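Here is what each chain is made of, one letter per residue.
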Amino acid sequence: AQSVSQHNHHVILSEAASLELGCNYSYGGTVNLFWYVQYPGQHLQLLLKYFSGDPLVKGIKGFEAEFIKSKFSFNLRKPSVQWSDTAEYFCAVNARNRDDKIIFGKGTRLHILP
Amino acid sequence: EAGVTQFPSHSVIEKGQTVTLRCDPISGHDNLYWYRRVMGKEIKFLLHFVKESKQDESGMPNNRFLAERTGGTYSTLKVQPAELEDSGVYFCASSQGLGVQSSYNEQFFGPGTRLTVL
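### Section: the overall build of chain B
And step 1. Looking only at helices and strands, chain B features 0 helices and 11 strands.
And step 2. Whereas a compact globule of 118 residues would reach a radius of gyration of roughly 13 Å, chain B reaches 14 Å, a difference of no more than 12%.
And step 3. For chain B, the spread of C-alpha atoms along the three principal axes comes to 50 × 25 × 25 Å.
And step 4. By the burial criterion, 47% of the 118 residues in chain B qualify as buried.

### Comments concerning the interface of chain A and chain B
And step 1. Chain A puts 22 residues into the contact, and the matching count from chain B is 24 residues.
And step 2. Carbon and sulfur atoms supply 56% of the area buried between chain A and chain B, which totals about 1,900 Å² over both sides.
And step 3. Taken together, chain A and chain B are joined by 2 salt bridges.
And step 4. Put simply, A:K101 and B:D56 hold a salt bridge, and the shortest N to O gap is 3.6 Å.
And step 5. Counting the contacts that link chain A with chain B gives 5 residue pairs in polar contact (both at pLDDT 80 or more).
And step 6. Among the elements that line the side of chain A that touches chain B, the one with the most residues is strand β5 (residues 31-38) of chain A, at 4 residues.
And step 7. Of the residues in the side of chain A that touches chain B, the class split is 8 nonpolar, 6 polar and 8 charged.

### Remarks on the pattern of salt bridges
Where charged atoms from two side chains of opposite charge come close, those side chains can pair.
And step 1. Overall, the coordinates contain 12 salt bridges over all chains when judged by the stated rule.
And step 2. The salt bridge involving B:R36 is made with B:D86; its shortest N-O contact spans 3.9 Å. Placement of B:R36 in strand β4 (residues 31-37) and of B:D86 in the loop between β8 (75-79) and β9 (88-95) is noted, with a sequence separation of 50 residues between them. Here B:R36 matches B:D86 in class, with each residue buried.
And step 3. When salt bridges with common partners are traced through the structure, they connect A:K58, A:E64, A:E66 and A:R77 into a single cluster.

### Quick look at unusual backbone geometry
Peptide bonds are, in most cases, trans, and in most cases residues other than glycine have a negative phi.
And step 1. At the junction of B:F7 and B:P8, the peptide bond is cis and its omega measures out at -5° in the coordinates.
And step 2. Note on placement: B:P8 falls in the loop between β1 (5-7) and β2 (10-13).
And step 3. Geometrically, the link from B:Q80 to B:P81 is a cis peptide bond, its omega value of -10° lying close to zero.
And step 4. The phi dihedral of A:K61 falls on the positive side, at around 60°, and the residue is not glycine.
And step 5. With respect to the element layout, A:K61 can be found in the loop between β7 (56-58) and β8 (64-68).
And step 6. Given the relative accessible area of 47%, A:K61 is considered partly exposed.

### A closer look at the pairing of β2(B)
Residues and elements named next belong to chain B.
And step 1. Only one face of β2 is covered, namely the face carrying S11 and I13; the face carrying H10 and V12 is uncovered.
And step 2. As defined by bridge partners, β2 adjoins strand β11 (residues 113-117) across 4 bridges and the pair is classed as parallel. Counted as the bridge partner of S11 is L115 from β11.

### As for the state of the cysteines
And step 1. Following the criterion strictly, the structure yields 2 disulfides over all chains and no others.
And step 2. Disulfide partner of A:C23: A:C91, at an S-S distance of 1.9 Å. Its S-S torsion of about -70° marks the bond between A:C23 and A:C91 as left-handed, since a negative value means left-handed. In this pair, A:C23 is assigned in strand β4 (residues 23-26) and A:C91 in strand β10 (residues 87-95), connecting sequence segments 68 residues apart. The same class applies to A:C23 as to A:C91, namely buried.
And step 3. For B:C23, the disulfide goes to B:C92, at an S-S distance of 1.8 Å.

### Focus: the sheet that holds strand β7 (residues 65-68) of chain B
Residue and element names in this part refer to chain B.
And step 1. With antiparallel pairing, 4 strands are arranged side by side in an open sheet as β1-β3-β8-β7. The open sheet is flanked by β1 and β7, the only strands paired with a single partner. Taking each pair of neighbouring strands and ignoring which way they run, the sheet shows an average axis angle of 15°.
And step 2. Here 5 bridges tie strand β3 (residues 19-24) to β8, and the two strands are oriented antiparallel to one another. Bridging from a neighbouring strand, L21 pairs with L77 of β8.

Procedures and definitions
- Residues numbered from 1 in each chain as written.
- Chains lettered and ligands numbered in written order.
- Predicted model: local features only at pLDDT ≥ 70, side-chain atom pairs only at ≥ 80, totals over all residues.
- Heavy atoms only, no water.
- Helix = DSSP H or I, 4+ residues; strand = E, 2+ residues; numbered from the N terminus.
- Rg over C-alpha atoms; globule rule 2.2 N^0.38 Å.
- Buried < 20%, exposed > 50% of the residue type's maximum accessible area, 1.4 Å probe, protein only.
- Contact = heavy atoms within 4.5 Å.
- Buried area = accessible area lost by both parts, 1.4 Å probe.
- Salt bridge = Lys/Arg side-chain N within 4 Å of Asp/Glu carboxyl O.
- Polar contact = N/O pair within 3.5 Å; in protein donor to acceptor, adjacent residues only side chain to side chain.
- Nonpolar A, V, L, I, M, F, W, Y, C, P; charged D, E, K, R; others polar.
- Pairing = 2+ DSSP bridges.
- Disulfide = S-S within 2.5 Å.
- Axes fitted to C-alpha atoms, helices over the stretch in contact; angles between N-to-C directions.

This is how it looks when you write it as structure tokens:
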């Protein structure tokens, strides 16, 4: 079955702390991997994506994620978080080379304490 | 360029009533997707249009849900009759078709419609 598992549902950190959000997926075939973010009151937007090439991808606002194929993982990292990173983060997957539906994880609510 | 828009932003209806949600995709985007997030759960796929045709409707929960995309532009999602478990946020997304040299096609999401069924 196709699924995405996010390790943490709710994370609270202080500003300047390092962040790592875990994500594992189960999907037959070649995949695209995504992290989406939804800031309070805003649209769901793409934070970063992996579809081929360097497994370490960099996104907006200093975020990065590493695709480890052997572990079916795509963890999100940021070395030093800011209060403005408070949001909900979704790991997601879909099929490569197809206009396919996206499978989302349940989301992680991140609260950054000022 | 205008993004994906959805109307209404909120809707509160009583069980048994009918509600119609609308999505306007980004101009020129052939692909249009509907997703839903029920409280506390993941965002789940409902269906996918390519232009006016239903490409995949495997996520539609039951026959109380009817989606249309006449003319391949905007889409509507009707729930009739609405039940309590239909409450949630309904997202629409659109994307261009895959090009010859592209293996990835970003889906752009709208703000969602929050549906509350009482």
